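Read off the chains here:
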Amino acid sequence: MAPAYTMISALNPHSARVSILVRATRIWEATNKENGSLLHTDVVFIDEEASSIMVAIWNNQKQDYFPRIKEGDVYKITDFKIMPAQKKFRPVKKDISLSFYHKTKVEPMEDNGLIPKYKFDLTSFEVARTLLWDTTNFIDIMGMVKDVSSLETTSKGSKKLDVLLVDDRNHDMVISLWEEKATHFMESMAPLQDAAVFVIITGLLAKQYSGNSIILSSGDPTKCYFNLDYDPLKELMGNIQAITGHSSTSLPPPTKKRFVSTEDNIIADATIQTILDAQLPDDKKVMRFVCEATIVDISKYDGWYYNSCPTCPRKIRFEHGNLYCDGCTKETGDYVQRYKITIHVKDDTAKTTFTLFNKEAQRLIGAPIQTIIAEIGQDKITSDIPVLVKNVKGKKCVFEVKVTIFNLDGREGYTVARLSEVTDQPPSTSNPPETLMDSPRKKKKLA
Ligand SMILES: [Zn+2]
């Protein structure tokens, strides 16, 4: 008697009119990155042998299958096409995929308990790193959550959360989760925070930005599974316990918000001491730190402005009586003043100096340099610090500073890339409840 069901492993492009009994294990929507429009809805099915295969359901078919197909449920699927898998972004490492057409029948079935709930193509951190910019397959990974960053908003307005995972060889990997993957991760972690957390994260791609470490970045198929009852994950847990000598209950819970975000290369919640001690790794030209500090003084000897090219922010060079810009590589004929202020700052750990250029200085001073110059008179400006500039003394700010090779000789004067003032406002009783619930000393987000 012919078997009632064909196994996924036996499917080939010539399989016709066969039936498979499968569990829908993962469902997600694939979107167009440029405009966010829905491209297709993807389902990964697994069978009794724990083989998996994917189907992309096109938008014009979607209402035939959804919401009928649900994650976790078992279906008998009859009459489908076997097609070559998409060349890129394969969530399942397989050369073929399913394709549904008008004859395809998807019937809900009783869960006989024989089909596993999950199947992941897990990749080690070492192998994942060799897959940099390889978009053939999405990467599934597992690890113990060692550290979780704060949710940050990138300069392009995307939400990002970095998660540091450690494996049973004590190797690390940073996973950058974007948008709803980030918020979902945070929500899922919230009730788990008192103990070690083990996680499987699917649908990742290896990326590397501006010479930083290779990280794994989330995509549409990304899903996070926490403390899952899945043999490889349990094995990892056991191995990590064996290495650390901790029992499962005493493994340290993940730390939070003290985290090196390698993607943007920003070290959040740094102290001045961290910045002073920073060593630039060979492969990095710049490191960024975010720290909160108080301005204790303005350097008297560094002036407060410089003569800049009128078209770019380069300092103008006087050459044989001519004005020359090395940025624009031409004579400029004219120049303008821009702010350049060296501030003395301190926190609980140390003190140092930061350099503020035009935009950040203006933000802090609250007036463009032209206003101050107009008050003093263009022909009367000297290197003496004007009162309005001196007024920044005493302000507490969150600074994002850059450490570059120019700082390695002990010069300090770290360039401020961004800043925002911290206001020490006591909660007002007339304010709405949400303000009352917030910490009275609220750290502003860097814009
Ligand atoms: Zn220029």
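Residues numbered from 1 in each chain as written. Predicted model: local features only at pLDDT ≥ 70, side-chain atom pairs only at ≥ 80, totals over all residues.

Student: Honestly, helix 3 (residues 179-189) in this entry has me stumped. Any pointers?
Tutor: Counting along an α-helix, one turn takes 3.6 residues, and residues three or four places apart therefore face a common direction. Along helix 3, the positions that sit buried rather than exposed are Lys181, Ala182, Phe185 and Met189. For helix 3, the buried positions fall inside an angular range of 100° around the axis, keeping them on one side. Residues of helix 3 that are exposed and point over 90 degrees away from its buried face: Glu179, Glu180 and Glu187. In the core, the buried residues of helix 3 are packed alongside strand 8 (139-148), strand 10 (159-166), strand 11 (172-178), strand 13 (215-218) and strand 14 (224-226). (Buried ≥ 20, exposed ≤ 12 C-beta atoms within 10 Å, placed from the backbone. Helix = DSSP H or I, 4+ residues; strand = E, 2+ residues; numbered from the N terminus. Arc of directions from axis to C-beta. Contact = placed C-beta atoms within 7 Å.)

Student: In this structure, what is going on with the sheet that holds strand 22 (residues 330-331)? I would like to understand it.
Tutor: Each strand in a sheet pairs with another by means of backbone hydrogen bonds, the pair being arranged parallel or else antiparallel. Ordered in space as 20-21-22, the 3 strands form an open sheet in which the pairing is antiparallel. Looking at the sheet topology across the chains shown, the edges are occupied by strand 20 (317-319) and strand 22. Here 3 bridges tie strand 20 to strand 21 (residues 322-325), and the two strands are oriented antiparallel to one another. Pairing of Glu319 across the sheet is with Asn322, part of strand 21. (Pairing = 2+ DSSP bridges.)

Student: How should I be thinking about the pairing of strand 4 (residues 74-78) in this particular structure?
Tutor: Successive side chains on a regular strand alternate, one facing one side of the sheet and the next facing the other. Sheet topology note: the strand 1 (residues 19-31)/strand 4 ladder contains 5 bridges and is antiparallel. Each bridged residue has a counterpart across the sheet, and for Val22 the counterpart in strand 4 is Tyr75.

Student: So what exactly am I meant to see when it comes to the nonpolar core here?
Tutor: Nonpolar side chains tend to gather and get buried jointly when the protein is soluble and globular. Judged by nonpolar contacts, the single largest core of 38 residues is most densely connected at Val163, Ile175, Val199 and Leu216. When residues of this core are traced back to their parent elements, those giving at least two are strand 8, strand 10, strand 11, helix 3, strand 12 (198-207), strand 13, strand 14 and helix 4 (231-244). Grouped together as the second largest cluster of nonpolar side chains are 34 residues, Ile272, Tyr339, Val345 and Cys397 included. (Core = buried A, V, L, I, M, F, W, Y, C linked by C-beta atoms within 7 Å.)

Student: Explanation requested: the environment of Asp147 in the structure shown.
Tutor: Looking at the secondary structure, you find Asp147 in strand 8. Accessibility expressed as a C-beta count within 10 Å gives 18 for Asp147, which makes it partly exposed. Distance in space between the C-alpha atoms of Asp147 and Leu165 is 7.2 Å, their sequence separation being 18 residues.

Student: Could you clarify how one ought to interpret the confidence of the model for the protein in this entry?
Tutor: Caution is warranted with low-pLDDT regions, since their predicted coordinates should not be read in detail. Confidence in the prediction of the protein, expressed as mean pLDDT, is 86, and 90% of residues score 70 or more. Low pLDDT, under 50, characterises residues 257-263; the stretch is placed with 25 contacts to residues that sit more than four places away or in other chains. Confidence over residues 425-445 falls short of pLDDT 50; this stretch has 14 contacts with residues more than four positions distant or in other chains. (pLDDT = per-residue confidence, 0-100.)

Student: Is there a simple way to explain helix 6 (residues 358-365) in this structure?
Tutor: Where helix 6 is concerned, the buried positions are Glu360, Ala361, Leu364 and Ile365. For helix 6, the buried positions fall inside an angular range of 125° around the axis, keeping them on one side. Looking at the buried positions of helix 6, the neighbouring elements they touch are strand 23 (336-346), strand 24 (351-357), helix 8 (387-390) and strand 26 (414-421). Just downstream of helix 6, Gly366 is the residue with a positive phi angle, here 90°.

Student: Explain the environment of Leu131 here, please?
Tutor: Counting through the fold element by element, Leu131 comes out in the loop between helix 2 (125-130) and strand 8. With 76 residues separating them along the chain, Leu131 and Lys207 place their C-alpha atoms 8.7 Å apart. Each residue touching Leu131, except ones within four places of it in the same chain, is listed here: Ile139 and Ala206.

Student: So what exactly am I meant to see when it comes to unusual backbone geometry here?
Tutor: The phi torsion of most residues other than glycine is negative, and most of the peptide bonds are trans. Note that the residue after Phe66, namely Pro67, is joined by a cis bond; omega there is 10°. Even without a glycine there, the phi angle at Asn170 is positive, about 60°. If you trace the backbone, Asn170 turns up in the loop between strand 10 and strand 11. For Glu412, which is not glycine, the phi dihedral falls at a positive 55°. With respect to the secondary-structure elements, Glu412 resides in the loop between strand 25 (396-404) and strand 26.

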